[in-house]
Amino acid sequence: MANLVETAINAGKFETLIKALQAAELTDILTTSDTYTVFAPTDEAFAKLPEGTIESLLQDIPKLKQILTYHVAFGDVRSDDLAQIDEVPTFEGSVLAVESQSGRVKLNDANVVQKDILADNGVIHAINSVLMPAIIAGH
């Protein structure tokens, strides 16, 4: 198996996320032996952001890092685990609300569209929108 970054690249639907992780210099964290769960917005999720948002974030690395680390949880949190919890602490420091119903999982306002993409050092869950920490969303 591959690490989280290689797994995301191989999945072929996280190109914008990979570009953002590289710009924010966060790929090193996700290639270590530490275990993480990545709630990964698909390229379609990034495409739903208002025009110019991605370009502006790529120019504001501290804000970009904050948003990206809001999509990462510590440990290997599989879909079975998500079904049993109602919140998950993020690397960024905030908490994501988890709602599980009839086999579907929602994180804040994002739906998990593909569960349990396994990697050597964790798991990726593909989501259909980009999550914004409250501190940024409130701006």
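As the structure is a prediction and not an experimental result, all values here were calculated from the model.

Novice: Would you take a moment to explain the overall build of the chain for this structure?
Specialist: Counting its secondary structure elements, the chain contains seven helices and seven strands. Sequence-ordered secondary structure for the chain, helices as α and strands as β, is α-α-β-α-α-α-β-α-β-β-β-β-β-α. The globule rule puts the C-alpha radius of gyration for 139 residues at 14 Å, and the 14 Å found for the chain is close to it. For the chain, the spread of C-alpha atoms along the principal axes amounts to about 35 × 35 × 25 Å. Across the 139 residues that make up the chain, the buried fraction comes to 45%. Put simply, the chain shows about 7300 Å² of open surface, and 47% of that area lies on carbon and sulfur atoms. A distance of 6 Å separates the average location of the 9 positive side-chain charges in the chain from that of its 20 negative side-chain charges.

Novice: When you look at the packing of aromatic side chains in this model, what are you seeing that I'm missing?
Specialist: Centre distance and the angle of the planes are the two values used to describe a pair of aromatic rings. Tallied over the full model, the rule gives three aromatic pairs. A ring pair is formed by Tyr 36 and Phe 91, whose centres lie 5.8 Å apart and whose planes are at 70°; its orientation type is edge-to-face. Of this pair, Tyr 36 sits in strand S1 (residues 36-41) while Phe 91 sits in the loop between strand S3 (87-89) and strand S4 (95-101), placing them 55 residues apart in sequence. Of the residues examined, Tyr 36 reaches a relative accessible area of 6% and is grouped as buried. When its relative accessible area of 30% is taken as the criterion, Phe 91 is described as partly exposed. Taken together, Tyr 36, Phe 74 and Phe 91 form an aromatic cluster joined through their ring pairs.

Novice: Sorry if this is basic, but what is going on with the nonpolar core here?
Specialist: Proteins that are soluble and globular tend to have nonpolar side chains buried together. Grouped together as the largest cluster of nonpolar side chains are 28 residues, with contacts concentrated most on Phe 14, Leu 30, Leu 68 and Ile 124. Of all elements in the fold, only helix H1 (4-11), helix H2 (15-23), S1, helix H3 (43-47), helix H5 (61-69), strand S6 (110-119) and strand S7 (122-127) reach the threshold of two or more residues within this core. With four residues, the single largest contributor to this core is H2. In this structure, Tyr 70, Val 77, Ala 110 and Ile 127 belong to the second largest nonpolar core, which totals 14 residues.

Novice: When you look at the sheet that holds strand S5 (residues 104-107) in this model, what are you seeing that I'm missing?
Specialist: In a beta sheet, neighbouring strands are held together by backbone hydrogen bonds and run either parallel or antiparallel to one another. If you walk across this open sheet you meet the seven strands as S2-S1-S7-S6-S5-S4-S3, and the pairing is mixed. The outermost strands of the open sheet, each flanked by one partner alone, are strand S2 (72-74) and S3. Between one strand axis and the next, the sheet turns through 30° on average, direction left out of account. The sheet contact formed by S1 and S7 spans six bridges and is parallel. Pairing of Pro 41 across the sheet is with Ile 127, part of S7. With respect to the sheet, H1 is in contact with S1, S6 and S7, its orientation differing from that of S7 by roughly 35°.

Each value, and the rule that gives it
Residues numbered from 1 in each chain as written. Predicted model: local features only at pLDDT ≥ 70, side-chain atom pairs only at ≥ 80, totals over all residues. Heavy atoms only, no water. Helix = DSSP H or I, 4+ residues; strand = E, 2+ residues; numbered from the N terminus. Rg over C-alpha atoms; globule rule 2.2 N^0.38 Å. Buried < 20%, exposed > 50% of the residue type's maximum accessible area, 1.4 Å probe, protein only. Areas by Shrake-Rupley, 256 points an atom, 1.4 Å probe, with all protein chains shown as cover. Lys, Arg positive; Asp, Glu negative; His and termini not counted. Charge placed at Lys NZ, Arg CZ, Asp CG, Glu CD. Phe/Tyr/Trp six-rings, centres within 6.5 Å; stacked < 30°, edge-to-face > 60°. Core = buried A, V, L, I, M, F, W, Y, C linked by side-chain atoms within 4.5 Å. Pairing = 2+ DSSP bridges. Axes fitted to C-alpha atoms, helices over the stretch in contact; angles between N-to-C directions. Contact = heavy atoms within 4.5 Å.

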